[in-house]
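Descriptive analysis of the structure
Given next are the chains, with one letter for each unit.
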Amino acid sequence: MANRTVKDARNVHGTNPQYLIEKIIRSRIYDSKFWKEQCFALTAELLVDKAMEIRYVGGVFGGNIRPTPFLCLTLKMLQIQPEKDIVIEFIKNEEFKYVRALGAFYLRLTGTSLDCYKYLEPLYNDNRKLRNQNRSGQFEIMHMDEYIDELLRNDRVCDIILPRIQKRMILEENNELEPKVSALDDDLDEDMPSDEEIVDKVSESPKKKPKKEERERSRSNDRERDRRHEQKKVDRDRERAKEVERANNARKSEIDRDRKERERERMAREKERKFRHDQQRDSDRRRDYDRDYDRDYDRDRGRDKDRQSDRRKRH
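Read on for a plain summary of the structure. Computed from a predicted structure; not experimentally measured. (Residues numbered from 1 in each chain as written. Predicted model: local features only at pLDDT ≥ 70, side-chain atom pairs only at ≥ 80, totals over all residues. Heavy atoms only, no water.)

Here the focus is a nonpolar patch on the surface. A grouping of Tyr-289, Tyr-293 and Tyr-297 is seen on the molecular surface, where their side chains present a nonpolar patch of about 400 Å² in accessible area. Take Tyr-297: it is sitting in helix H12 (residues 212–314). Tyr-297 sits in the partly exposed class, given a relative accessible area of 45%. (Patch = residues over 30% accessible without salt bridge, like charges linked within 9 Å, V, L, I, M, F, W, Y side chains within 5 Å. Areas by Shrake-Rupley, 256 points an atom, 1.4 Å probe, with all protein chains shown as cover. Salt bridge = Lys/Arg side-chain N within 4 Å of Asp/Glu carboxyl O. Helix = DSSP H or I, 4+ residues; strand = E, 2+ residues; numbered from the N terminus. Buried < 20%, exposed > 50% of the residue type's maximum accessible area, 1.4 Å probe, protein only.)

In structure tokens form, the structure reads like this:
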């Protein structure tokens, strides 16, 4: 019962919201300790507190496919299906960046193409760092704008297959979305001089013929720059050759160590074989000696018995 979607939940993209996460990952989430202890009986209000405790984003990790708390809370949001206003507040939250990342991921899973572009594209201006846990369990550093770009461009994020959304140009052609305006356009416009300023600067600058000294100095500077460039190239090639030589020497040393180790192992095996051979030889010698001794003893004893019986007959 605790893993069922709420009764009044609406279908998302024509299916149960929880089915947006693949069955194998969904089963791993249901069996995880975080889901059983931290996500039981969570409401939309309590979910905010749990979201503020997140310290990294990610999907599943490890050989046994363990889910991250970020993915568990995503499934919980799909299960309880919070109101759209709550999700928008998650996205607009500027204090807790992982709350914003969780809201953006949920909106990308459940929202329409228009909502995704409308609410996620403004997050391109957020350059804060995020910790991301990869499949091997290691942490990597990414930025919020990279994360949003993956949500809008990639087919799989945090090991979850994202629903398809329309291309932005199609929405622009249908007049459903305004053309994209980059935040850098204003800075470029401020730094770029106007055509009138360019004409004024050209008209004000006097036309001077380069003097002979200036031409010589320019040639000298060019030669000096070319010489430094060639010297850097020679130094770089020399350093590369040294690195190759060091790598070759290290490889040779490793080969020599392996050869010596194999030789020591061979000598140890030969010594062991010889030792066992000597043991077997001594054992055979002792067995032959004991057999000969027993045979001689039996023969002498039989001869003595014959002598005693002959002596009794004569007497």
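Looking now at helix H5 (residues 84–92). Two residues of an α-helix separated by three or four positions point the same way, owing to the 3.6 residues in each turn. Residues of H5 that are buried include every one of Val-87, Ile-88, Phe-90 and Ile-91, and no others. The buried residues of H5 occupy one face: seen down the axis, they fall within an arc of 155 degrees. Turned more than 90 degrees from where H5 packs its buried face, Asp-85, Glu-89 and Lys-92 sit exposed. On its buried face, H5 sits against helix H3 (44–52), helix H4 (69–80), helix H6 (97–110) and helix H7 (113–120). (Arc of directions from axis to C-beta. Contact = heavy atoms within 4.5 Å.)

A separate point is the environment of Ile-54. With respect to the helices, strands and loops of the structure, Ile-54 is situated in the loop between H3 and strand E1 (57–58). Between the alpha carbons of Ile-54 and Val-99 there is a distance of 7.6 Å; along the sequence they are 45 residues apart. Each residue touching Ile-54, except ones within four places of it in the same chain, is listed here: Phe-70, Leu-73, Tyr-98 and Leu-102.

Moving on, we get to the packing of H3 against H4. Following both chains from N to C, one finds H3 and H4 inclined at 170 degrees, their axes separated by 11 Å at the closest point. One element, H3, and the other, H4, form an angle in the roughly antiparallel class. Side by side, H3 and H4 meet where Ala-44, Leu-47, Lys-50 and Ala-51 of the first sit next to Leu-73, Met-77 and Ile-80 of the second. Counted by class, the contact of H3 with H4 contains 6 nonpolar, no polar and 1 charged residues. (Axes fitted to C-alpha atoms, helices over the stretch in contact; angles between N-to-C directions. Parallel < 35°, antiparallel > 145°, perpendicular 65-115°, else oblique. Nonpolar A, V, L, I, M, F, W, Y, C, P; charged D, E, K, R; others polar.)

Applying the stated criterion to the full structure yields 0 disulfides. Distance from the sulfur of Cys-72, which forms no disulfide, to the nearest cysteine sulfur (Cys-39) is 5.5 Å. (Disulfide = S-S within 2.5 Å.)

The pairing of E1 with strand E4 (residues 129–133) spans 2 bridges and is parallel. Its bridge partner lying in E4, Val-57 is registered against Asn-132. Where E4 lies against strand E5 (residues 139–143), 5 bridges are found, and the strand directions are antiparallel. Counted as the bridge partner of Leu-130 is Met-142 from E5. Between the end of E4 and the start of E5, which pair antiparallel, lie 5 residues, with Gly-137 showing a positive phi angle near 90 degrees. (Pairing = 2+ DSSP bridges.)

Moving on, we come to the packing of aromatic side chains. Aromatic rings considered in pairs are described by the distance between their centres and by the relative angle of their planes. Scanning the model with the defined rule gives 3 aromatic pairs in all. Relative to Trp-35, the ring of Tyr-30 has its centre 5.6 Å away and its plane inclined at 55 degrees; by these criteria the two rings are tilted. Of the two residues, Tyr-30 and Trp-35, both sit in the buried class. For the ring pair Tyr-56 and Phe-139, a centre distance of 5.0 Å and an interplane angle of 80 degrees mean the geometry is edge-to-face. With Tyr-56 in the loop between H3 and E1 and Phe-139 in strand E5, the pair connects residues that are 83 residues apart, well separated along the chain. (Phe/Tyr/Trp six-rings, centres within 6.5 Å; stacked < 30°, edge-to-face > 60°.)

Moving on: the environment of Ile-24. Relative to the elements of secondary structure, Ile-24 occurs in helix H1 (residues 23–31). As for Ile-24 and Ile-65, which are separated by 41 residues in sequence, their C-alpha atoms are 9.0 Å apart.

This part takes up the nonpolar core. Counting residues in each nonpolar core, the largest one holds 53 residues, and the members touching the most others are Phe-70, Leu-102, Phe-105, Leu-120, Tyr-147, Ile-148 and Leu-151. Of all elements in the fold, only H1, H3, H4, H5, H6, H7 and helix H8 (144–153) reach the threshold of two or more residues within this core. The element best represented in this core is H6, accounting for 9 residues. (Core = buried A, V, L, I, M, F, W, Y, C linked by side-chain atoms within 4.5 Å.)

On the basis of which strands lie adjacent, the open sheet formed by 3 strands has the order E1-E4-E5 and mixed pairing. Looking at the sheet topology across the chains shown, the edges are occupied by E1 and E5. Sheet strands in contact with H8 are E4 and E5, and its direction is about 85 degrees off that of E5.

Our focus in this paragraph is the side chain of Asp-115. Within the element layout of this structure, Asp-115 appears in helix H7. Within the local environment of Asp-115, its side chain forms a polar contact with the side chain of Lys-84, the two groups lying 3.1 Å apart. (Polar contact = N/O pair within 3.5 Å; in protein donor to acceptor, adjacent residues only side chain to side chain.)

It is worth spelling out the packing of H5 against H6 at this point. Where H5 contacts H6, the axes come no closer than 7 Å and their chain directions differ by 135 degrees. Between H5 and H6, the crossing angle belongs to the class labelled oblique. As H5 packs across H6, the resulting crossing turns out to be left-handed. Contacts between H5 and H6 involve Val-87, Phe-90, Ile-91 and Lys-92 from the former and Val-99, Arg-100, Leu-102, Gly-103, Ala-104, Tyr-106 and Leu-107 from the latter. A breakdown of the residues in the contact of H5 with H6 according to their chemical character gives 8 nonpolar, 1 polar and 2 charged. (Left-handed = near helix turned anticlockwise from the far one by under 90°.)

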